[in-house]
Every structure is written in structure tokens, then in C-alpha cells.
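Reading the structure
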Amino acid sequence: MQLSEQELIRRQSLRELIKLGINPYPAELFEVNTSALDIHTHYPNQKIDYKDVSIAGRIMSRRVMGNASFAELQDETGRIQVYFRRDDICPGEDKTLYNTVFKKLLDIGDIIGVKGYVFTTQTGEISIHVTSFKVLSKSLKPLPVVKETKDEQGNVVLHDAFTDPEQRYRQRYVDLVVNPHVRDAFIKRTKLVNSMREYLNNKGYLEVETPILQPLYGGAAARPFKTHHNTLDMTLYLRIANELYLKRLIVGGFNGVYEFSKDFRNEGMSRFHNPEFTQVELYVAYKDYYWMMDLVEEMIEKVAIDLHGITEVKVGEHVIDFKRPWKRFTMYEAIQHFTGIDISEMDEAALRETCKKLQVPVDNTMGKGKLIDQVFGEKCEPNLVQPTFITDYPLEMSPLAKKHRSKPGLVERFEAICNRKEICNSFSELNDPLDQRERFEEQLELGKRGDEEAMTLDEDFLRALEYGMPPTAGLGIGIDRLSMVMTNSPSIQDVIFFPQMKPEKQAEVSTEADFAAIGVRAELLPILQKLGIHTVEQLKGIKATKLFNDIPGMRKKLKLDAVQNPTLQEIEGWLK
RNA sequence: GAUCUAGUAGCUCAGUCGGUAGAGCAAUACACUUUUAAUGUAUGGGUCCUGGGUUCGAGUCCCAGCUGGAUCACCA
């Protein structure tokens, strides 16, 4: 119930197709031997090969003109114009297939298969001259109509584009059909993952899978999603990271392991945060974080080239160049560079004073590490557009990283910042089991003091370290964040097919059966709808005499002569 | 969680001072044998997000809610 006018018309067309003996949803396959892109690229040079083509796709526009018509068919690769001529489709006396089926019963959005030959129209557009067509799927909902034109530079310009973000994310299938740039962004995302996988496989690292359901969550500082296993009757958490499992595999003797993993964090959402997101984590034995920096540069440069052909990527108003080598700053150097202040020798009190001077907001719970991080976040990160490595972080913030080989109070850690956001995080992994236990215990203290993101102590992980883990370099790259940069997308929702949303609420509407149950004839429903009465409850709140007046009035206005007016008695019956 | 902002036809959007709800595309009908944002003529299409309030009268003003978006906070 409550179908729009256009939906009703399409359902009617569906019935008429069936009446004509046409199955609108045939079961058998439709053989395709080319694609829109293939025709556009190769037809001009190999005309001979396109005398007998078969292609399938969605009708995206129609221009019907008497005995000949044009339509645009869209397949996975793009659009191709198709040309229908009545006497080619219907060589005999019966012109139903063209006059009725094509002209009246097909709509924008329907999926059809066509056979014919490729030619070039007088206006120079490569098109398919259709000799036969087949309905493959009738579309019952009108697609948002987006018209395309090309400007002088040949760029596609969209008119009346489907832009409402809420609808685009809720109905991504529609977004993908009508917004070609959306599809491109997702194709680039997949290419990005493939490019990395290829790089890592060529180095001989092993792609592995580790548990998503974990009895203890660890490897990062974040609140988890909690769930319950019935048979084991135990709490399980969706992983916030897979770091601790991958390191167990390094203990087990693998030299290099990586995993593309969906991780889950029960935190606020924003245009940079979705509750489930993707990371690739990599661990390589006998390496350190300097070595890992070289790997990151090399791999991301390759990704940029695989996606764009060059190392430069346009992001917002900037052009970001991933060409090696990237700038490297220690955190202290970066702060000195952007504020002119050397904080390397400062104690907590001096830092606090510096923050005040720089107007960096702080609170009393912040320790030394947190203060340094705060200065960096406020004064440095916003300036880092080109890919830059920041190295040597305060120890307090990195409970899984190895202490710096020469600088006390710091760890061997780096992040790559790009377009003002972190895109990766890496360290020389802490493999000293006694040190690791102490760090975990410090985290437990933080937890007791109310830090909801403090790490838990994982005894099994410590046991693994106690057997001995080789010196190891570890890396995590946020795939969503990197995809945003590589596809020039301002929101994470543009690189996740189905971003998390609150459920949509349907307006409360009673069904035909609900109305029938209290004795309302179905033919009266359009009248009630017109009167603004959509639910039985609503109806029952109205006086019988008012309905007795209003219904015949609206019946007359709608010219529903065939409908019999209800009697007052009948109406009183509904309201009982 | 806070602030700002939006929700009107299938889509994109207008709606003046509070007074009968509008346009383009899409749809329907007719015309048209190479159009291309096809064209011309005519027609139909609305829970103005929901619920309250003020008012003779609310798409419009007020309050509350729902669902987005932006910024911030939290967080990579």
C-alpha cells in the first residue's frame, strides 16, 4: 500500500508484459559477448569484429521518436547508446514488440539484453543498432534520473544528481547505479588492497587470518563491542586490532605475516570514524622501525602509481606527492620546527607551562607523554599535508613498542601523516617479556583510574613472548583513511559501501487488511488516504458524521464515480 | 555527548508578510525514422519528517521528538 503513482504504473506495465507472454524475470542466462567500454575502445579500429554483438545492462535514458528511438544502456563498464527501429525489431505486420513493449512498457531502470551491430550515428556517437532485445528484469521503483552532459574538456557533468547523503548511504545500490564516480572510488579501493597484497606477497610474506571474536581485546587503545557465546557461556569481544595474534605467529616461527582485517571500535562516529573499519597489519622478524619506514614509502608509492599512474594525487585543494623519500621528523624536531620551542629536555611542569604559552588546551590528568602528544596534535599535525614520517614517540602512549635504543623516555615508533591525518602506525615491537608485563601493569593502573581505553593484560600473549620473539618490526595501515586520500573522498562513508547508520523509521501506515478487518471497503482507501487518514487509529479518532460528510465530498472531487458512498450506518460500524 | 544546520512530488530544488502547494527533469497521452540534458502540445502526481502549541487560519511562527550533514569533544 501507499505506492506512488509511478510505482503503480510500473506494476501495471509488469502485468501487461506477462499478459503478452513476456516473462519479466526470466530464469535462463543471457549470453553477453562485449561491454560498453570494449565497444568504445576497440570498435573504431576493429569495426569488423562488432557485426554481431550481444550486451546487457540497465536502461538509463530513452529518447523515443515515432518509429525509431534511442536509449542508453549502462553495464558495469559504462554506457552505450542503443538504436531501436520499429521495422527492424518487428519485421512482420505485428508491431507490438516496438509500439507496446519497447515504447510503453519499458522504463528507465529496466534491465534488458540486446543483440545487434555497432555503427556510428550521423552525430558521431558509437551505438548499437538493435535487431532483437529481451527483458531481463523489470524495475518497479523509479530510479533517480541523472542526466549527463559533457563540457568542452570532455568531463562528464551531472544534472539533478542524486546527492542526499542519507539516501546515498542507505541505498548504496541506487548511488552506485546513478553516480559513476562512486563506483570508481570503490574500484580504486579494491585496487589499493590488491596492490598492497601483491607487494607483500612478492616479498614472501604470508597472508593469514586471526580471530575476530576474542576473549580479551588488545593491541590498541579503544572501547570494544562485547558479545556472548552461548555454548561456551562466555563473553567475547570483537577485535579492536589483531596485533597480539600476529605477534604470536612471529613467535611461532613465521618471518613475515600480514592480515587485512576488519576491526571494531565502540567509539564516536565522524567523517573519519566508522565503528567497523579495515586495517592491514604486517609483522616482519629481524627488522626494526627504520627498515619499516623504507617499506612503507616503497609500498605506498607503488599503490599511488598502480591507482593513478603517477605518484601525485589530487586531494581537496592540494596535490599530494607520494614519491620517495618522504620527509622525516622526530616528534621533538617537528614541534621545534612548527613552534620554535625545544621541549626535549623539559619536565612535566615545564611542558605544562609551554602548553599554556602556546594556548594548547590541557587538563590535569595529562602526563608528560600526553602533553607532548597534545602539542604535536595541535601545532604540527594540521600542517602536515605531504606524506611525512614522525618518529620517536613518548613511552607512555605506546605500551607495545620497544624502548628507544638511545633516547630514554621514548619508543621506537613512527607514524606517517598525510593530509593532516595519520595513515599508518609502526614500531620496533617490544619483545622483552618482562618489560611488556610492566607496561601492561601500568595500563591496568590507568584502567583502575577510569581510563576506559586502557589495555587489558593478556597472559597468553606474555607466555608467548616468554618463549622468545625475535626482534620484529610491526606496521598498521588504515585502509579506509588511505582510500580517502587516494580517491579524494572527504568522508569515510565515501569509501565504505555500507557505512553504519541508525535504522530508518517507516511512517506508521495501516495495511489494506487492517482496514478490511474493521469493515472498510478497499475501494474507499484512496479516498481516506486523500483525506489524510493513513491508519485505523486515525480513522477511529474521527466522528462518524464528519466522515459521512467528507468521504462523499472527496469521492466527487476524485471523480471516483464507480465507488459507492458509505452509509452512515456503515461508517458507524467501522468506528465500533 | 555539545553547537549549528537541513528534511516540500520518483530526483534536484523554489515557496515572499501566516491566507487555495510551485518549477525543471522523471511519469502519462499525442506527434515525430539518427537523437543526445532530443523537441513540441496537453495531463496527472503531495503524510510539506512526526507530535504538540499559538492563530479564524501554519509548509511558513514556537516547543518537543525522529533522521541526516557540518564543526567540536571522544577517538586513529
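Being a predicted model, the structure only gives us computed values, none of them experimental. (Residues numbered from 1 in each chain as written. Chains lettered and ligands numbered in written order. Predicted model: local features only at pLDDT ≥ 70, side-chain atom pairs only at ≥ 80, totals over all residues. Heavy atoms only, no water.)

As a further point, take the overall build of chain A. Scanning chain A from terminus to terminus reveals 20 helices and 20 strands. With respect to the three principal axes, the spread of C-alpha positions in chain A is 90 × 75 × 55 Å. Here chain A holds 576 residues, and 46% of them are scored as buried. A separation threshold of at least 6 residues defines the contact pool for chain A, and within that pool the share at least 24 residues apart is 63%. Here chain A displays about 30000 Å² of accessible surface, and carbon together with sulfur accounts for 51% of that area. In chain A, which carries 76 positive and 86 negative side-chain charges, the distance between the mean positions of the two groups comes to 6 Å. (Helix = DSSP H or I, 4+ residues; strand = E, 2+ residues; numbered from the N terminus. Buried < 20%, exposed > 50% of the residue type's maximum accessible area, 1.4 Å probe, protein only. Contact = heavy atoms within 4.5 Å. Areas by Shrake-Rupley, 256 points an atom, 1.4 Å probe, with all protein chains shown as cover. Lys, Arg positive; Asp, Glu negative; His and termini not counted. Charge placed at Lys NZ, Arg CZ, Asp CG, Glu CD.)

Turning next to the protein's contact with RNA strand B. Near RNA strand B there are 60 residues, and of these Thr 123, Glu 166, Ala 221, His 273 and Glu 422 occur at the shortest range. Backbone atoms, meaning sugar plus phosphate, form 59% of the atoms of RNA strand B positioned within 4 Å of the protein. Between RNA strand B and the protein, one listed contact pairs a base nitrogen with a backbone N or O atom of Gly 66 at 3.2 Å. The side chain of Asp 160 places a nitrogen or oxygen atom 3.3 Å from a base nitrogen of RNA strand B. At the level of secondary structure, the elements contributing two or more residues to the surface near RNA strand B comprise α1 (5–19), β1 (53–65), β2 (68–75), β3 (78–85), β6 (147–150) and α5 (165–170). Of the residues that constitute the surface near RNA strand B, the class distribution is 21 nonpolar, 16 polar and 23 charged. (Near = heavy atom within 4 Å. Polar contact = N/O pair within 3.5 Å; in protein donor to acceptor, adjacent residues only side chain to side chain. Nonpolar A, V, L, I, M, F, W, Y, C, P; charged D, E, K, R; others polar.)

What follows concerns the pairing of strand β17 (residues 388–394). With seven of seven residues buried, β17 is to be regarded as a mostly interior element. In this sheet, β17 lies alongside strand β16 (residues 327–330) in parallel orientation, the contact comprising four bridges. Bridge assignment links Thr 330 to a residue of β17, and that residue is Thr 391. Here β17 runs beside strand β18 (residues 410–418); their pairing, made up of six bridges, is antiparallel. When the bridges of β18 are listed, Phe 389 appears paired with Ala 416. (Pairing = 2+ DSSP bridges.)

This next bit is on the sheet that holds strand β5 (residues 126–137). Either a parallel or an antiparallel arrangement is found when strands of a sheet pair, and the pairing is made through backbone hydrogen bonds. Read around the closed barrel, the five strands follow the order β1-β2-β3-β5-β4; overall the barrel is mixed. Each strand of the sheet is rotated relative to its neighbour by a mean of 50°, with strand direction disregarded. Of the strands in this sheet, β1, β2, β3 and β5 touch helix α4 (residues 96–105), which is tilted by about 80° from β1. (Axes fitted to C-alpha atoms, helices over the stretch in contact; angles between N-to-C directions.)

Bringing the nonpolar core into the picture now. If you look at the biggest cluster of nonpolar residues, it comprises 42 residues, and the most contacted ones within it are Met 331, Ile 335, Ile 343, Ile 372, Phe 376 and Ile 390. Those elements that place two or more of their residues in this core are α8 (243–251), β13 (276–285), α10 (331–339), α11 (348–358), α12 (368–379), β17, β18 and α14 (459–467). Among all residues touching Phe 376, those that are not within four sequence positions of it are Met 331, Ala 334, Ile 335, Glu 381, Pro 382, Leu 384, Ile 390 and Ile 417. By size, the runner-up hydrophobic cluster in this structure holds 40 residues, among which are Leu 192, Met 293, Leu 295 and Leu 482. (Core = buried A, V, L, I, M, F, W, Y, C linked by side-chain atoms within 4.5 Å.)

With that settled, the discussion passes to the sheet that holds strand β9 (residues 213–214). A sheet is described by the order of its strands in space; here three strands give the open sequence β9-β11-β10, paired in antiparallel fashion. With partners counted over all chains shown, the strands left at the sheet margins are β9 and β10 (226–229), one partner each. Relative to strand β11 (residues 234–238), β9 is paired through two bridges, and the arrangement is antiparallel. Note on β11: the bridge partner recorded for Gln 214 is Tyr 237.

Once that is clear, we can look at the environment of Met 292. Looking at the element boundaries, Met 292 is found in helix α9 (residues 289–308). The spacing of Met 292 and Glu 415 is 123 residues in sequence and 11 Å in space, taken between C-alpha atoms. With near-sequence residues (within four places) excluded, Met 292 lies in contact with Leu 282, Phe 414, Ser 426, Ala 473, Gly 474 and Leu 475.

Throughout the structure, instances matching the rule amount to one cavity of 30 Å³ or more. Considered as a void within the structure, the largest cavity measures approximately 30 Å³ in volume. Lining the largest cavity are Met 60, Arg 79, Ile 108, Leu 143, Pro 144, Val 145, Val 146 and Val 178. The residue inventory of the lining of the largest cavity, partitioned by class, reads seven nonpolar, no polar and one charged. (1 Å grid on protein atoms, 1.4 Å probe; cavity = no way out; pocket = protein on both sides within 12 Å on 5 of 7 lines; lining within 4 Å. Points joined across faces, edges and corners; volume = space filled by probe spheres on them.)

Attention shifts here to the packing of aromatic side chains. Enumeration over the complete set of coordinates arrives at 17 aromatic pairs. Consider the rings of Phe 186 and Phe 497, whose centres lie 4.0 Å apart with planes at 10°: the pair is stacked. Taken as a pair, Phe 186 in helix α7 (residues 180–202) and Phe 497 in the loop between α15 (479–486) and α16 (512–517) lie far apart in primary sequence, 311 residues in all. Residue classification places Phe 186 among the buried positions, given a relative accessible area of 4%. Judged by centre distance (6.3 Å) and plane angle (75°), the rings of Phe 440 and Phe 461 are edge-to-face. Of this pair, Phe 440 sits in helix α13 (residues 433–448) while Phe 461 sits in helix α14; the two residues are 21 residues apart in sequence, bridging distant segments of the chain. In terms of burial, Phe 440 and Phe 461 fall into one category: buried. Three or more aromatic residues link up through ring pairs in this structure, and these residues are Phe 84, Tyr 98, Phe 102 and Phe 133. In this arrangement the basic side chain of Arg 62 is found over the ring face of Phe 102, its NZ or CZ atom lying 5.7 Å from the centre. Between Lys 421 and the ring centre of Phe 272, over which it is positioned, the NZ or CZ distance is 4.2 Å. (Phe/Tyr/Trp six-rings, centres within 6.5 Å; stacked < 30°, edge-to-face > 60°. Lys NZ or Arg CZ within 6 Å of the ring centre and 35° of its normal.)

What follows deals with the layout of surface pockets. Empty space within the second largest pocket amounts to approximately 800 Å³. Glu 72, Arg 79, Glu 148, Lys 150 and Val 156 are the residues nearest the centre of the second largest pocket, which is lined by 25 residues in total. Split by residue class, the lining of the second largest pocket holds seven nonpolar, seven polar and eleven charged.

With that settled, consider unusual backbone geometry. The step from Arg 324 to Pro 325 runs through a cis peptide bond, and the omega angle for that step is -15°. Phi is positive for Asp 160, close to 50°, though the residue is something other than glycine. As for its position among the elements, Asp 160 is in the loop between β7 (156–159) and α5. Even without being a glycine, Tyr 286 presents a positive backbone phi close to 70°.

Moving on: a negative patch on the surface. On the surface, a cluster of negative charge is contributed by Glu 396, Asp 432, Glu 438, Glu 441 and Glu 442. The exposure class of Asp 432 is partly exposed, given its relative accessible area of 35%. (Patch = residues over 30% accessible without salt bridge, like charges linked within 9 Å, V, L, I, M, F, W, Y side chains within 5 Å. Salt bridge = Lys/Arg side-chain N within 4 Å of Asp/Glu carboxyl O.)

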